[in-house]
Every structure is written in structure tokens, then in C-alpha cells.
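The lines below spell out each chain.
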Amino acid sequence: MINLELPKHLQDLQTLLRKFSNDGLRPLSRKYDDLEPKELPEELGPLSELLAAGRKQRSAKNSAEENGDAPQTEVRNGTNLGTVVGAAELCWGDPALFLAMPAIGLGNAAVEAVATPEQKQQWGELYAAMAITEPGCGSDSAAIRTTATLDGDEWVINGEKIFVTDGYRCKQVVVWASLDPELGKAAIKSFLVPKGTPGMTVTRIEHKLGMRASDTAQIVFDNCRVPRTNLLGDPEIAKTAEARKKAFGGVMQTFDNTRPAVAAQGIGTARAALDITEALLRERGVELGYNREYARLSALENDLYDLEAEYEAARLLVLKAAWMADNKLPNSKNASMCKAKAGRMVNTVTLKCVEICGQLGYSKTELLEKLARDSKIIDIYEGTQQIQQLIVARQVLGKSSSELK
Amino acid sequence: MNNATMSEALFDLTPTEDQQMTQDMVRRFVADVMGPQARAADEAATLPEGFLDQVFELGFSFMPVPEDLGGAGEGRRPVSNVLLMENLAAGDLSMAVAALAPLSVINCLLDYGNRAQQERVFRVLNGSAFVPAALAVHEPGIATDPHAPATTATKAGDGYVLHGAKSMVAFGADARFIVVTALLDDGVAAFLLDTDNDAEGLSFKPEQYMGLRSLPLFQITLDKVSLPASARLDNDFSIDGLLQRGRIAAAALATGTCQAVLDYVVPYVNERVAFGEPISNRQAVAFMVADMATELEAMQLLNWRAAAQLEQGLDCARAAYLAQRHASKYGMKIGTDGVQLFGGHGFIREHPLEMWYRNLRAVPLLGGLVLA
């Protein structure tokens, strides 16, 4: 039955996290944006433990439901929907602090997906960053130059990674490296490298436009050795061209689930900007009634309605992509649609809010200018706007990546 | 369904089995009947011969009407209406509006009419053949506001006198029933006009528009038209409520029309060769298509949310307003981009792109003609 309201358990989650965001994150927003700290903001440790406890409880319940033997007949609102709703609420609190929270990142997700119980025990508490981008490759992650070669029972990793979120303060780094650059995509594997492993050095920490509470590191691997078992997933290189394509496709598929979650950052960030803007305007007597004719609107009201429509459009695209994942429907196109829309929406919304609020919007008195700085990266990381458009276009037009480049 | 049970309902985008069956039926009708005739109807500026009777055979107008009033007793189903409107508009927007106008009057009476009015109208509209009926909400001119119509209603004895003019009224004098909005004292009221009995002072003038050409539209002049007291829709009529239902209908019609554009554009850009390869191999073209598909998807979701809220008795003001804003903005964009992607071929009347371009300009206005 068509219903686009969230069920009670997710509305409860929203309420809980809204309070957490308001009381726990907002008071820290300005402080850590100003500081741009290398280390994890001290308040975030306890806050994320609190969150992790709640998440564990929910995911145990969800996985019990999702891994049941019975074939799925009923519609599900599971982990994916919960994740996007949660991420949006926390980003309403502060997108940079959300990004800085240990254990929310891609690294942990990658490890959780494939690690054996023994490996998990051996590696201890997981706080893993993900290292994919290199100075010479960003969106085309198949072109990475970092290599891993087997020497006895150890992998030897050599190369340079940049833009590693949490790369300085994390406890492990998941590194993408090629077993044989000649073999292209199929030879790319990921490796877990614990911090402190000789040969792995953080050589630079970036200063950024926004998301300053989170650290972004450059990491150099110089004959960095890890045990053979630290390769995550299948160590074999696919033999045939078809199998190679499939293997890399499998890697890229993980993004179908993570893209809605990153898009959700845009949803929460935009909502925060809209809420602040609308509260400021309410003091000036501007109230959105959602009933007036176009010819009766002021320019400012017209802008606000436009932003609300853009916001709601992106939000529902995110919910749909997550819902599809929960219900095991192929969602590659929708995952990219929602990331594309949410990315450009959050840029438009936060910047327009700065403009609408004039001097106050531009000033550091309010968080609007910060949200407008934080938001830009949401249209870039986890696949840029243009990469998402490319994926959507290929799907809609039925094109391969060699036809539509 | 009441709010207490709804809060337990899950987020879900699956149409019910009934809705799927209706969709399959409507899609066949669109493919066999509407699609092939749409272009010629636009050229001729008239509905295809027999079309309205074929629509009548499908029985949409029976569905929501209570069984004791001769209907199927499905009740008000805005979500099902939206699916119906999307599918019909994918066939042709002008024909869809014509097909849906009587159902919109029925929906309006189910929401705001009393039992006697319902009885009178449903019997006629669900008789043995298609009987035209229409809404008269728009008024001629710019910056008109349905919250403050220039058409007035004045109490006179037991009844009312209506005076003013309305625009974009489907079927004109052929419409047996017309629901007219008018300013009464300080608020907007709605009146059921029976053109067989209330014709004194009523005149019709055909109107020509940029698009919607096969849909007969009229300006009506109400020169001190006397109506009995029983003509007023007095069951908690709300102009905001009416406009919300109209916004949802407009967005649904836009969604269907845009789907037709996208479905027509994809094969063309894949086949059209320039500089030695299909033009869709170029990002400048492919990204336009990607954005079309993305905004179309969003358009549908925004509107589904509004319709589901309305169906559940939730406040749908915001969702409906945003759905129509999005549908107006991106409906026009998709209409324009459709022509652009075809280049010169989009500009000539050999392809339907220029028709969709014209028809999609009507999205901001369609809410005054059709109700979800």
C-alpha cells in the first residue's frame, strides 16, 4: 500500500536523535569548526558510544528479521531506511561532527561486510578509515596505482593515498591496492592496515572549506607489510574478462547501499539550514502557509517554497533508494539518482539560505554560513554529481561504460 | 484508516493488487486508444470520435460512488486517482483532462456535497453514457486568486444569485453539471449548477489555448444567475481543501505527460547519430536525460506522498503544494528539454514533442480542472 510516511519506530528514532543532535552536537558546532582539530573531538567519544549502543540493538533486531529463512513476502523498513533516517537527523545536528564520529564511515562498513569473527577479534575495536583516492585518480577508482605484492606470508603495500576521511585519528585504514595494475579493475583488492604498522605514515592533514571537525589525511605506504590474512574478501583475481567485470561490479555494488546514506547527509544538512532560516524569518513575520497562489508570493517566499520543494524531492528519493535496498530490489539507478539530487539540493539550499538571511546569513553568528561550507563536499564525495549523472544516464539509456564515458 | 493505525504503517511504494490491475487496464487503453489518436486530436482541436464513450465504458466514475447511489462503493481513493491520472496523461493530457472532468465533479461532491446533491448528480453521470461535467474555478485575467474570486454569490430570498465570469471550463454548455466557486460574504463558496435548469443568464464562449487543444474549454459568463439554496455545496466546503485536491491532480497529470516525453526521448537519442555515434554517447545529452529521469521520479514521489496523506486523512497542505510546485517547474523543464534533445525535429509538428511542450505549460492551471 502506497504510504510515504515513516513508521512509528523510525519517527521515534528521529525524535530521539533530534534531541541528541540538539543537545549533544549543536553546542559543539562552532567550536570544532574554528579549531579544525587533528584529534577526535573529546566529546564525540562518549556520544558515539551512546549511539553505537542504540544502533547495535536495532541492527540485531533488523538482522534477525532480515536473515530469516522464510522468503520475504512482507514489505520491510529495515537497516537501510533506518540508516538514512538516522544520518539525516545527526547531520541536522552537525554534518561535520557526524562525519567525525568514529565507526560511521565506509571503512567499518567494508570490514564488517567481509571480515571473519577471528579477524574482527584480532583487530580489536574497529575505527577504520577508507583509503581509495590517490593524487592521480579520484572518480575513476579503477586507475589506482598503489600496489600490494605477496612476499611470503605478508602483503607489501606501496603507494600514496589522499583525502582519507579520519585518516589521522582512526585505528585502522582500509586501503585499496592493485595486485597487478596490468589487470585493471579485477586486480584491485582492499587491505586492512592497523595504525602503527611500520611503513604507513600520515604525511599531511588538509585544511578544508568545511567539515572541519573531521580530519582528512594524506597517507604514504612505503613497503608497508601486513599479514596475508589482512586482505578483505576473495584474494583470487578473476580469470576471464567477464568475471573481472563482475568482481569489480561487486565492489562498486557496495556503493548502492552507501550512496543513499551519504545523500542523507544532504537531507539533514539542508533541513538544518531551512529550519534556521525559517525561524529567523518567522521573527520578521514571514510564515509559510503552503496555500497561496504564485501571484501572491513575495520573492523571498517564492524562494523558500522552491527550496522546500527541492528538499522534499531529494528526501523522498533517498527514502525510496533505501526502501528498495531493504526490500532487495535492485537500486543502483535510484541510489545514484538520490545522491545526485541530494548533492545539488543541499548546495542550492544552504547557499540560498545564506543569501536570504543577508548579513546574518553570512555572519558567524548563525550556523548558516558553516552549513553552506560543509555542504559542498556532499556533492563531491561518494561519487560526484557528474559520476551519479553518468550512472543514472547509463541505466536510463541502457549504455555500457565504454559507450557512455 | 485513522491516524492511530497509520503510524504503524510502513513506508511503502507498492501499489495494491487492485491498483495494479487498474493500471494494467488503463495502460492498455492508453496504448490502444489514446496514444494513437492524440496527435490527430491536437491537430483537429477536437476530441476523437467516440473517445468519451470509451472512457465511460472503463467505469472510473462508478468506482468511488457508494453502492446505494449506484456505484462500486470504493470510496474516496486519492492514491488510486493519482495512478489513474498518471497513466491517462501518459496517453494524452488533453484527452485525460476531458476523461477525468466528470470524475472530478463526483470527487468534489463526495467531499463537499450533501446526500441530495450526490444522488442527483451521480444518477446522471453514471447513467448509460458519458455525460460531461466540469469545475469552474479559474477566472479570466492575470493574478487571479481562487481564495478571492471576482465572481460573487449574493443571498436572494431562499437562494443565491451568481455574477461574474469563469475560465477554462471544460465542455462549456455541453457540461450538464458545473461546480462554480464564488465569493459569498467573506468566504469562498461552491455551487452546483445544473445547466438544464439554471441556464438563465448563463453564456459560453469557446477559448483557445497554447495547448490542451483537443479539450473543449470555455469561458462562462454568469449574468445574475439565480440558483436555489440547494445548489450550495454545504458539507464543510473548503477552498483550501479543493485546491489541495487540484494540486495533486495537476502533479499526477504532469507526471504522466513527462513519462511520455522520457519514453519518447530515450530511443531517439540512442538512435540519432551525429559525428559518427549516437548523440546519447555524449554527456551533454546523456546528463539531460539523467536529470529528466531523476526529477520525474521525484515528481511522482512528492505527489504520492501528498495523495497518501489525503487518503489517510492527514494534513496534506504542504505536500500537495510542494508536489505541484515541483511538477510545474520540472514539468516545464522536461517539456522544454524534450524539444531541445530533438533539435529541429522537436520544433516541427511531425513529432509530439512540441505538443508536450505546449501542454506542460498548463500544469500550474490544471488544478482548477481536475481533482484527485
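Residues numbered from 1 in each chain as written. Chains lettered and ligands numbered in written order. Predicted model: local features only at pLDDT ≥ 70, side-chain atom pairs only at ≥ 80, totals over all residues.

## Some words on the overall build of chain A
So, point 1. Each helix and strand in chain A was counted, giving twelve helices and eight strands.
So, point 2. The globule rule puts the C-alpha radius of gyration for 405 residues at 22 Å, and the 22 Å found for chain A is close to it.
So, point 3. In terms of overall dimensions, chain A has C-alpha extents of about 75 × 50 × 45 Å along its principal axes.
So, point 4. Here chain A holds 405 residues, and 47% of them are scored as buried. (Helix = DSSP H or I, 4+ residues; strand = E, 2+ residues; numbered from the N terminus. Rg over C-alpha atoms; globule rule 2.2 N^0.38 Å. Buried ≥ 20, exposed ≤ 12 C-beta atoms within 10 Å, placed from the backbone.)

## Concerning the pairing of strand β7 (residues 217-227) of chain B
Residues and elements named next belong to chain B.
So, point 1. Inspection of the sheet shows strand β3 (residues 159-170) paired to β7 by eight bridges, in the antiparallel sense. Across the sheet, the residue bridging to Gly164 is Leu222, located in β7.
So, point 2. Here strand β6 (residues 202-206) pairs with β7 via five bridges, running antiparallel. When the sheet's bridge partners are listed, Pro206 is paired in β7 with Phe218. (Pairing = 2+ DSSP bridges.)

## Comments concerning the interface of chain A and chain B
So, point 1. Facing the 39 residues of chain A at the interface are 40 residues of chain B.
So, point 2. Taken together, the elements giving at least two residues each to the side of chain A that touches chain B come down to α8 (299-326), α9 (332-356) and α12 (385-397) of chain A.
So, point 3. Counting residues per element, the side of chain A that touches chain B draws most heavily on α8(A), which supplies eleven residues.
So, point 4. Grouping the constituent residues of the side of chain A that touches chain B by class yields 24 nonpolar, four polar and eleven charged. (Contact = placed C-beta atoms within 7 Å. Nonpolar A, V, L, I, M, F, W, Y, C, P; charged D, E, K, R; others polar.)

## Some thoughts on the environment of Thr133(A)
Residues and elements named next belong to chain A.
So, point 1. Positionally, Thr133 belongs in the loop between β1 (128-131) and β2 (147-151).
So, point 2. Assessed through the 19 C-beta atoms surrounding it within 10 Å, Thr133 is described here as partly exposed.
So, point 3. Through-space distance from the C-alpha of Thr133 to that of Glu355 is 33 Å; in sequence the pair is 222 residues apart.
So, point 4. With near-sequence residues (within four places) excluded, Thr133 lies in contact with Gly138, Lys161, Ile162 and Phe163.

## Some remarks on the nonpolar core
So, point 1. Ranked by size, the top nonpolar core spans 238 residues in total, and within it Val318(A), Val97(B), Phe191(B) and Val289(B) carry the most contacts.
So, point 2. For this core, the element with the highest residue contribution is helix α8 (residues 283-311) of chain B, accounting for 17 residues.
So, point 3. Residues contacting Val318(A), with those up to four places away along its chain left out, are Val84(A), Pro260(A), Ala263(A), Ala264(A), Ile267(A), Cys338(A) and Ala342(A). (Core = buried A, V, L, I, M, F, W, Y, C linked by C-beta atoms within 7 Å.)

## Section: unusual backbone geometry
So, point 1. Phi at Met211(A) takes a positive value of approximately 50°, unusual for a residue other than glycine.
So, point 2. Positionally, Met211(A) belongs in the loop between β6 (200-205) and β7 (216-227).
So, point 3. Positive phi, close to 55°, is recorded for Met168(B), a residue that is not glycine.
So, point 4. Here Met168(B) lies in strand β3.

## Describing α8(B)
So, point 1. Between its first and last C-alpha, α8(B) extends 41 Å over 29 residues, near the 42 Å set by a 1.5 Å rise per residue.
So, point 2. Extensive coverage of α8(B) is indicated by the burial of 26 of its 29 residues. (Expected span 1.5 Å × (residues − 1).)

## Focus: the confidence of the model for chain B
So, point 1. Residues at a pLDDT of 70 or more form 98% of chain B, whose mean pLDDT is 96.
So, point 2. In this model, residues 1-6 of chain B is a region of pLDDT below 50 whose contacts with residues beyond four sequence positions or in other chains number six contacts. (pLDDT = per-residue confidence, 0-100.)

## Examining helix α6 (residues 115-125) of chain B
All names here are of chain B.
So, point 1. Taken residue by residue, α6 has Gln117, Val121, Phe122 and Leu125 as its buried positions. Along the axis of α6, the buried positions cluster into a sector of 110°, meaning they face one direction only. Exposed side of α6, more than 90 degrees from the buried face: Arg115, Ala116 and Arg123 are the residues found there.
So, point 2. Taken together, the buried residues of α6 touch α5 (93-112), β1 (133-136), β4 (177-184) and β5 (187-194). (Arc of directions from axis to C-beta.)

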